[in-house]
Amino acid sequence: MTAQPAPTSDRAPASAACWSCSGTLDRDGLFCESCGALQPPRIVDHFVRFGLPAAFDIAIPALDRRYFELQRRMHPDRFAARLPKEREYSLQHAANLNDAFQTLKAPVRRAEYLLALKGRPMRGSGQETVDDEEILVHAMAMREALAEANTPAAADAVVADACAQFERVTKDLAAAFAANDLAAAARQTLRLKYLDKFVEDARERRRP
Amino acid sequence: MAYGEKLIDHYENPRNIGSMDKHATDVGTGLVGAPACGDVMKLQIKVSSEGIIEDAKFKTFGCGSAIASSSLVTEWVKGKTLDEAEGIKNTQIAQHLALPPVKIHCSVLAEDAIKAAIADYRKKSGKAQNVQTASEPATVAAQ
């Protein structure tokens, strides 16, 4: 689920020669300026793929804009009449873009990805168990509150409270990343992950 | 996906649901979680002065396999010594409940929970003994 981010040394721009005609590539390294051929995807981290700084606090509108622009330019339909190699590259580009976008768009996944990128993967990213007492006691109290809510309005209030907590923890997490306090960031990410799952499960249950 | 009979039985009729006083000196509490699923599991044991687990309770928020795994463990540990209970492996739990591969981590959670409960009890009882021995010289000094 959590793809290992490429090492930071790969953040350097790709070598610039077209695979087809050895011509010069455009600024993004996506197309050849001479023959227009689509280039193979580079091994870069998700932030580089969208031209964003490797930070938690990214501008989501910029991410959306860049994603839709690239997705349009790389779309396999545009390469139906091109060389087989370009068709293959466009598929790879589209898959990479989707993966990168899904990872960066969601705060929890973005935080987990960034922690791994900074060399401090969070415990509990995969199937490992955690024993952070404060966070777990809190998670259990929220689950109990939801289980005890016996009217739809009471359940909605519990969920609304969880959403408010989610906003607060997201701010704390951004501050921890901004201060490069990775231990604090990992802890807030764990907190956020529990809140995220809680809200998801609670909404799932409310669905008729 | 077909779940085993034992799993469904433990899920539908979970044994030993409840809580004990976590501050009591003869109670050990293990609290563990699997963030990927949002699971939280609390497992508590009450230990006799002879070191036998007299009672066990659990409270789990999670999927059916997590609930069944913790229910089974509370049943298994009763009457066991701490060392015996510590020897319970997640593979035994998974095998007994016939957990599908994607649910193996639920049995890991139950193993971690019982180990944490035992560690908590040992830490507390060790501390209680230390307090006793530490207070002796103090009493002597007071005389």
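Note: the structure precedes this text.
Parameters and conventions
Note on numbering: residues in each chain are counted from 1, in written sequence order. By the order in which they are written, chains take letters starting at A while ligands take numbers starting at 1. Only residues with pLDDT of 70 or above have their local features reported here, since the model is predicted, and side-chain atom pairs are shown and tallied only from 80 upward, although totals for entire chains, interfaces and linings are computed over all residues. Think of the side-chain values as coming from all heavy atoms in the structure, minus any hydrogens and water. Here a helix means four or more residues in a row that DSSP labels H or I, a strand means two or more in a row labelled E, and each is numbered from the N terminus. Whether two residues touch is decided by their heavy atoms; if any such pair falls within 4.5 Å, the residues are in contact. Once two parts are put together, the accessible area they lose, assessed with a 1.4 Å probe and summed over both, is termed the buried area. The term salt bridge refers to a side-chain nitrogen of Lys or Arg lying within 4 Å of a carboxyl oxygen of Asp or Glu. We define a polar contact as two N or O atoms separated by no more than 3.5 Å, with the added condition that, inside protein, one atom must be a possible hydrogen donor and the other a possible acceptor, whereas residues neighbouring each other in sequence contribute only through side-chain atom pairs. Gly is placed with the polar residues, together with every amino acid not listed as nonpolar (Ala, Val, Leu, Ile, Met, Phe, Trp, Tyr, Cys and Pro) or charged (Asp, Glu, Lys and Arg). Axis definition: a line fitted to C-alpha atoms, limited for helices to the stretch in contact. Angles are taken between N-to-C directions and run from 0 to 180 degrees. For classification purposes, angles smaller than 35 degrees are called roughly parallel, those larger than 145 roughly antiparallel, those between 65 and 115 roughly perpendicular, and all remaining angles oblique. Note: crossing handedness is left-handed where the near helix turns anticlockwise from the far helix by less than a right angle, and right-handed where it turns clockwise. Buried means the residue's accessible area, taken with a 1.4 Å probe over protein chains only, is under 20% of the maximum for its type, while exposed means over 50%, and partly exposed covers the values in between. Two strands qualify as a pair provided that DSSP identifies no fewer than 2 bridges between them.

Engineer: Any chance you could explain the environment of A:Leu52 here in plain terms?
Structural biologist: Note on placement: A:Leu52 falls in the loop between helix H1 (46-49) and helix H2 (60-74). Linking A:Leu52 and A:Ala62, residues 10 residues apart in sequence, is a C-alpha distance of 8.5 Å.

Engineer: Is there a simple way to think about the interface of chain A and chain B in this case?
Structural biologist: Listed as interface residues are 19 residues of chain A and, on the opposing side, 19 residues of chain B. Taken together, both faces of the contact between chain A and chain B bury some 1600 Å²; the carbon and sulfur share is 69%. Broken down residue by residue, the surface that chain A buries against chain B is led by A:Thr129, A:Met140 and A:Tyr194, which jointly contribute 36%. Our enumeration of links across chain A and chain B arrives at two salt bridges. The salt bridge partner of A:Glu133 is B:Lys22, with a shortest N-O separation of 4.0 Å. Linking chain A with chain B are five residue pairs in polar contact (both at pLDDT 80 or more), by the criterion used here. Looking at the side of chain A that touches chain B, the elements that each hand over two or more residues are helix H5 (133-148) and helix H7 (182-206) of chain A. The element best represented in the side of chain A that touches chain B is H5(A), accounting for eight residues. Here the residues of the side of chain A that touches chain B are counted per class, giving eight nonpolar, four polar and seven charged.

Engineer: Would you take a moment to explain the packing of H2(A) against helix H3 (residues 84-105) of chain A for this structure?
Structural biologist: Working note: a packed helix pair is described by the angle between its axes plus the distance between those axes. Residues and elements named next belong to chain A. Contact geometry for H2 and H3: axes closest at 10 Å, N-to-C directions at 165°. Looking at the two axes, H2 sits roughly antiparallel to H3. Between H2 and H3 the crossing geometry is left-handed. Where H2 abuts H3, its residues Ile-60, Leu-63, Asp-64, Tyr-67, Leu-70, Gln-71 and Met-74 lie against Ser-90, His-93, Ala-94, Leu-97, Asn-98, Phe-101, Leu-104 and Lys-105. Tallied by class, the residues present in the contact of H2 with H3 amount to nine nonpolar, four polar and two charged.

Engineer: Looking at this structure, I do not really get the pairing of strand S2 (residues 39-47) of chain B. What am I missing?
Structural biologist: Put simply, side chains in a regular strand alternate between the two faces of the sheet. Residues and elements named next belong to chain B. Among the nine residues in S2, eight count as buried, and that is most of the element. Here strand S1 (residues 27-34) runs beside S2; their pairing, made up of eight bridges, is antiparallel. The residue of S2 that forms the bridge with Leu-31 is Lys-42. Counting the residues between successive antiparallel strands, the hairpin from S1 to S2 contains four residues, one of them, Gly-38, with a positive phi of roughly 75°. Relative to strand S3 (residues 53-61), S2 runs antiparallel, the two being bridged by eight bridges. Within S3, the position partnered with Leu-43 by the bridge is Phe-58. Linking S2 to S3, which pair antiparallel, is a turn of five residues; within it Gly-51 sits at a positive phi near 80°.

Shape is all these values report; function is a separate question.
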